[in-house]
Amino acid sequence: MKIKWGVIGCGGIADRRTLPGMMLAENAELVAVMDTRLEAAESCRKKYGAKYAFDKAEELLALEEIEAVYIASPVFCHKAQCEAAAKAGKHILLEKPMGLSVAEAREIEAICTAAGVKLGVAFMMRFHSYHAEMRRLVKEGVLGEIVSARAQFTCWYPEIENCWRQNKALSGGGAMLDMAIHSIDLIRYITGQEIVEAKGLCGNQIFKYNVDDAGIGVYRMSNGALCVVDSAFNIPDDVSVSKLEFYGTKGSMVAKGTLSQVEGGSLEVLAAESAGGYDAAQNRSTVQPIPVSVEFGNMYTKEIEAFGRAVRGEGEIPVTAADAILSQKAIEDVYTENKA
């Protein structure tokens, strides 16, 4: 039986990616959409075949047939909308970041727990086939003990009038909170390790909005691995090389172009039978890449289906609130250090 969905905030990522993905989900049925701009909601209703379009979240939440809502509104709306959805007894898939701060994210978690509704957070990149394969390779010990990881995720985001993402009071943060949080989540997911220490720098290099347009976080993981995560709103998309790298005592893996809204990119995995002894000359022998074969799909479809199964009690919530809060805290720690 399909989960009957409502969508709150049907512009941006919802219209661009999540709603098309929902249309392909075998266990999902879209019932209603809501946006503060009724014309946008009505456009999505027609485009995706929903029954209803609203400009008030309360109207959507009053529909008894809706079981779950996907909330993709600006971050400053998340708490109030989650509280209303929880009160209405709807399960919630919430876009990241959960709230304007870790403290607010914890309040949202507590609200949903008290109401007895399931809360998941939309880190769709966990569903990329290459990222799942990277996690498997690490768990199987192909790379040995992980000692370092690096991730770069950037875009070009010039100053735009009345843009909520460029206003800290409405977004909670800039490039680090919007983009680096994906990288941190993937490093935690792929390695199975948690962050125990955070340092970093962030600020504005090019643009003058009051959130960071660039930042770098340096993290120590629970197994001692050192990780570097950098993000930027000031690198043109056409020249950015998105990378996700892991290095261990037996091997390495480097993904390019997988930090994206669409499954794709490449993955090269190198592994050696033995590291050998110390070589002062650092002569490097050629190691042939391990063949990697995956089948690409739609990350958003897989995300919707997985959360739907959790709603039905047929699986775990893919990314829990507690999990998402740990990634947000890694960003907030850097902000605190830089008073951003």
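Placed above this text is the structure.
A short tour of the structure in this document, coming up. Computed from a predicted model, the values in this text were never measured in an experiment.

**Quick look at the packing of aromatic side chains**
Applying the stated criterion to the full structure yields 7 aromatic pairs. Measuring from centroid to centroid gives 5.2 Å for Trp 156 and Phe 207, while their planes differ by 70°, and the two rings are edge-to-face. Taken together, the positions of Trp 156 in the loop between strand S7 (146–154) and helix H7 (168–171) and Phe 207 in the loop between strand S8 (195–203) and strand S9 (214–221) put the pair 51 residues apart, joining distant regions of the chain. Note on Trp 156: relative accessible area 38%, which makes it partly exposed. Here Phe 207 falls in the buried class, since its relative accessible area comes to 9%. An aromatic cluster is built from Trp 156, Tyr 157, Phe 207, Tyr 209 and Phe 233, whose rings are joined through pairwise contacts.

**A closer look at the environment of Asn 167**
Structurally, Asn 167 can be placed in the loop between S7 and H7. Between the C-alpha atom of Asn 167 and that of Asp 238, which follows or precedes it by 71 residues, the distance is 25 Å.

**Some points on helix H10 (residues 321–338)**
With 18 residues, H10 extends 26 Å between its outermost C-alpha atoms, agreeing within 8% with the 26 Å of an ideal straight helix rising 1.5 Å per residue. Along H10, the residues classified as buried are Ala 321, Asp 323, Ala 324, Ile 325, Ser 327, Gln 328, Ala 330, Ile 331, Val 334 and Tyr 335. On its buried side, H10 packs onto helix H5 (102–115), strand S6 (119–122), helix H8 (175–191), S8 and S9. Lys 339 sits one or two positions beyond H10 and adopts a positive phi of about 55°.

**A few points about the sheet that holds S6**
Strands sit in the order S3-S2-S1-S4-S5-S6 across an open sheet of 6 strands; the sheet is parallel. Each having just a single partner strand, strand S3 (52–54) and S6 make up the two edges of the open sheet. With direction set aside, neighbouring strand axes in the sheet form an average angle of 25°. Summarising the sheet, strand S4 (residues 68–71) and strand S5 (residues 91–95) pair through 4 bridges and their orientation is parallel. Within S5, the residue paired with Val 69 across the bridge is Ile 92. The strands touched by helix H9 (residues 299–311) within the sheet are strand S1 (3–8), strand S2 (28–34), S5 and S6, with S5 carrying the most contacts at an inclination of about 150°.

**Examining a nonpolar patch on the surface**
Residues Ile 216, Val 218 and Val 228 make up a contiguous nonpolar surface patch of about 210 Å² in total accessible area. Here Val 228 lies in strand S10 (residues 226–232).

Each value, and the rule that gives it
Residues numbered from 1 in each chain as written. Predicted model: local features only at pLDDT ≥ 70, side-chain atom pairs only at ≥ 80, totals over all residues. Heavy atoms only, no water. Phe/Tyr/Trp six-rings, centres within 6.5 Å; stacked < 30°, edge-to-face > 60°. Helix = DSSP H or I, 4+ residues; strand = E, 2+ residues; numbered from the N terminus. Buried < 20%, exposed > 50% of the residue type's maximum accessible area, 1.4 Å probe, protein only. Expected span 1.5 Å × (residues − 1). Contact = heavy atoms within 4.5 Å. Pairing = 2+ DSSP bridges. Axes fitted to C-alpha atoms, helices over the stretch in contact; angles between N-to-C directions. Patch = residues over 30% accessible without salt bridge, like charges linked within 9 Å, V, L, I, M, F, W, Y side chains within 5 Å. Areas by Shrake-Rupley, 256 points an atom, 1.4 Å probe, with all protein chains shown as cover. Salt bridge = Lys/Arg side-chain N within 4 Å of Asp/Glu carboxyl O.

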